[in-house]
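What follows is each chain in one-letter form.
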Amino acid sequence: MSNIVNSYTSWQPLEEVIVGRAYTPDYFDFIENVQVRNQLQQILAETEEDLSNLAKTIETFGARVRRPDLPNKDQFVQGQVNGQGAPLPPLTPRDWQITLGDKLLRVLAMQELDAVCNEYETAQPGAVINPHGPTGWDPNCILNGASASCIVRVGHDVFFDNSDFLKPDQTRWIVDNVLGPDYRIHEAVTDGHGDAVFAILKPGVLLSSKHDVNLDLARDFPGWDVCKIWDSSIWAAMEVGKFKYESNPGAWYVQGQTPTPEFTDFVNTYLNKWTGFVAETVFDVNCLVLDESHVIFSAYNKEVFDYCRKHRIEPIISELRHSYFWDGGISCCTQDIRRRGGLETYL
């Protein structure tokens, strides 16, 4: 039987993936301000609708989709009533863990992923590496503060974004304790979330963004065709974005509803762990490769889609209407567990 945990690249044929989950609207029934409650619950309902559609799209290509659990609702609500800020939902699994060959590294051991990760460990003993130990989170763990999104796999070559979200000593720990001597290690500094700064669609075909200024793609990927995207298509597609940028700078809003200071204050006060600085994100690079002929994007971008078709890749749209609110794209919301194929050299 082949390994359940098995992935060496971002483009080999996808067989199993985790798709994130947002809180369901009823987790916030306790909010007394009707307008704030309605806007937040609309975001949550539409986010789950979009993630469910993403899961169905993936399944049509034969891959198995797993979803995280949600925390106990009563405990969650009690924490909010007591004035605690809402913890992150299990929306972006690619931030918390990554499959490196036949190992699943839990960079941040999110409780909502415990059940599915325990299944993988039972089926493939030794496959799941959790440096936090059995308690789920160790305040002294060397990987605290790190993000799995700072690692890009290219077969025998692995790129580490040693910057804001991954330190050199954390990279060394991963190399020594997870990868081993079979890999060539590269540094690719992008100031965070390297897998959303450049994306490999298949060997020789690479999407990049305006944040690649510290990378030397010509050196690291000699002879590859690189398409550089300067601005996200979401800026021009407000039906996808949910962040009103022009007439109400800094105001969080839901399309079809008037922005209110109450909703913005609620988000900035209680949900500040959820949101990011969306102006810097190029969502068109944040994609999921199903195989060398099919890639999922969250919105249409003519330049990107023309580039894909040039390389005989079919671009598929699976809308994420609240990418602006979450500051997360398709890649953020997914984490591949198994891809068909083994360890190969591409560079």
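All of these numbers come straight from a predicted model, not from anything done at the bench.

Attention now goes to the sheet that holds strand β16 (residues 314-317). Sheet architecture is open: three strands sit in the order β14-β15-β16, paired in mixed fashion. One side of each edge strand has no neighbouring strand; the edge strands of this open sheet are β14 (288-291) and β16. Between one strand and the next, the sheet's axes are offset by a mean angle of 25 degrees, whatever the strand orientation. Relative to β16, strand β15 (residues 294-297) runs parallel, the two being bridged by four bridges. Residue pairing for β16: Phe-297 is matched across the bridge by Ile-317. Of the strands in this sheet, β14, β15 and β16 are in contact with helix α1 (residues 34-60), which crosses β15 at around 175 degrees. Packed on one face of the sheet, helix α8 (residues 302-310) meets β15 and β16 and runs near 140 degrees to β16.

With respect to the helices, strands and loops of the structure, Thr-47 is situated in helix α1. Not counting chain neighbours up to four residues away, the residues in contact with Thr-47 comprise Ala-22, Leu-91, His-322 and Trp-326.

What follows is about the pattern of salt bridges. Tallying each qualifying case throughout the model produces 21 salt bridges. Across the pair Arg-321 and Asp-50 runs a salt bridge, and its minimum N-O distance is 2.9 Å. Residue Arg-321 is located in the loop between β16 and α9 (323-326), and its partner Asp-50 is located in helix α1; the two are separated by 271 residues in the primary sequence. For the salt bridge of Arg-66 with Glu-119, the shortest nitrogen-to-oxygen distance reads 2.9 Å. Taken as a pair, Arg-66 in strand β2 (residues 64-66) and Glu-119 in helix α4 (residues 114-123) lie far apart in primary sequence, 53 residues in all. For Arg-66, a relative accessible area of 13% gives the class buried.

Quick notes on the rules
- Residues numbered from 1 in each chain as written.
- Predicted model: local features only at pLDDT ≥ 70, side-chain atom pairs only at ≥ 80, totals over all residues.
- Heavy atoms only, no water.
- Pairing = 2+ DSSP bridges.
- Helix = DSSP H or I, 4+ residues; strand = E, 2+ residues; numbered from the N terminus.
- Axes fitted to C-alpha atoms, helices over the stretch in contact; angles between N-to-C directions.
- Contact = heavy atoms within 4.5 Å.
- Salt bridge = Lys/Arg side-chain N within 4 Å of Asp/Glu carboxyl O.
- Buried < 20%, exposed > 50% of the residue type's maximum accessible area, 1.4 Å probe, protein only.

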